[in-house]
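Residue-level structural notes
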Amino acid sequence: MEQKKIKTKGTADLIDIHVGKQIRNRRSLLGLSQEALAKSIGVTFQQVQKYERGTNRVSASRLFSFSKILEVSIDYFYDGLEQANIIGSGAVGMADNGQEGFETASNNNKLPENLMDRKETIDLLRTYYAVKDEKTRKDIMKFIKSMAKNLS
């Protein structure tokens, strides 16, 4: 009897998918097209599509290039892995007992898991940071928080 082989080629890894989403979100936030990003790192836009889908794994050197072009630190690409339950809870913290993380303990408002994947979020952030005056941005933030509090 012949044993079946487990198919691994062509299967996207969850971490690769997460890193790809982070690349796509940051690229969108900066208003870069896939073509522009591809040209700046020396690959085709199809390759950028594959990175963003998690189909192709991003090498360390390429991730470094992405971090420079997208103006983020390398750890940005891994932000949210714990919250997305992609990596296990083993050996992450120092506590002997299970504890609630800061994000869940202090945040009683349930936000959609895919908040940064939404076009509305990207548009809002892009518009917010288009306001050059920092004081005006802070005033806008106070206004939005006030509106959200009054409507809750």
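Read on for an overview of the structure.

Here we take up the pattern of salt bridges. Throughout the structure, instances matching the rule amount to five salt bridges. The closest approach of N and O atoms between D16 and R57, which form a salt bridge, is 2.9 Å. A residue pair is termed long-range when its members are at least 10 positions apart, and D16 in helix 1 (residues 14-30) and R57 in the loop between helix 3 (45-53) and helix 4 (60-69) qualify at 41 residues. When its relative accessible area of 14% is taken as the criterion, D16 is described as buried. Across the pair E134 and K138 runs a salt bridge, and its minimum N-O distance is 3.6 Å. Of the two residues, E134 and K138 are both situated in helix 7 (residues 134-151); the distance of four residues between them amounts to about one turn of the helix.

This part covers helix 6 (residues 119-130). Over its twelve residues, helix 6 extends 16 Å from the first C-alpha to the last, a length consistent with the 16 Å expected when each residue adds 1.5 Å. Its buried side turned inward, helix 6 meets helix 1 and helix 7.

Mapped onto the elements of the fold, R26 is located in helix 1. Buried and unpaired, R26 has E71 as its nearest opposite-charge partner, separated by 4.3 Å. A distance of 2.7 Å separates a polar atom in the side chain of R26 from the backbone oxygen of L70.

We now examine the environment of V43. Relative to the assigned elements, V43 resides in the loop between helix 2 (34-41) and helix 3. When sequence neighbours within four positions are dropped, the list of residues in contact with V43 reads A38, V48 and R62.

Ranked by internal contacts, the top residues of the largest apolar core, which has 15 residues, are V19, I23, L37, V58, F66, L70 and F77. Among the elements that take part in this core, helix 2 stands out by supplying three residues, more than any other. Discounting residues that sit within four places of it in the chain, V58 has contacts with V19, I23, Y51, L63 and F66.

At 2.9 Å, the side chain of D16 and the side chain of R57 are in polar contact. Not counting chain neighbours up to four residues away, the residues in contact with D16 comprise Y51, G54 and R57.

Now for the packing of aromatic side chains. Taken as a whole and judged by the stated rule, the model has three aromatic pairs. Geometrically, the ring pair formed by Y128 and Y129 is edge-to-face, given 4.9 Å between the ring centres and 85° between the ring planes. What makes Y128 buried here is its relative accessible area of 16%.

What counts and how
Residues numbered from 1 in each chain as written. Predicted model: local features only at pLDDT ≥ 70, side-chain atom pairs only at ≥ 80, totals over all residues. Heavy atoms only, no water. Salt bridge = Lys/Arg side-chain N within 4 Å of Asp/Glu carboxyl O. Helix = DSSP H or I, 4+ residues; strand = E, 2+ residues; numbered from the N terminus. Buried < 20%, exposed > 50% of the residue type's maximum accessible area, 1.4 Å probe, protein only. Expected span 1.5 Å × (residues − 1). Contact = heavy atoms within 4.5 Å. Lys, Arg positive; Asp, Glu negative; His and termini not counted. Polar contact = N/O pair within 3.5 Å; in protein donor to acceptor, adjacent residues only side chain to side chain. Core = buried A, V, L, I, M, F, W, Y, C linked by side-chain atoms within 4.5 Å. Phe/Tyr/Trp six-rings, centres within 6.5 Å; stacked < 30°, edge-to-face > 60°.

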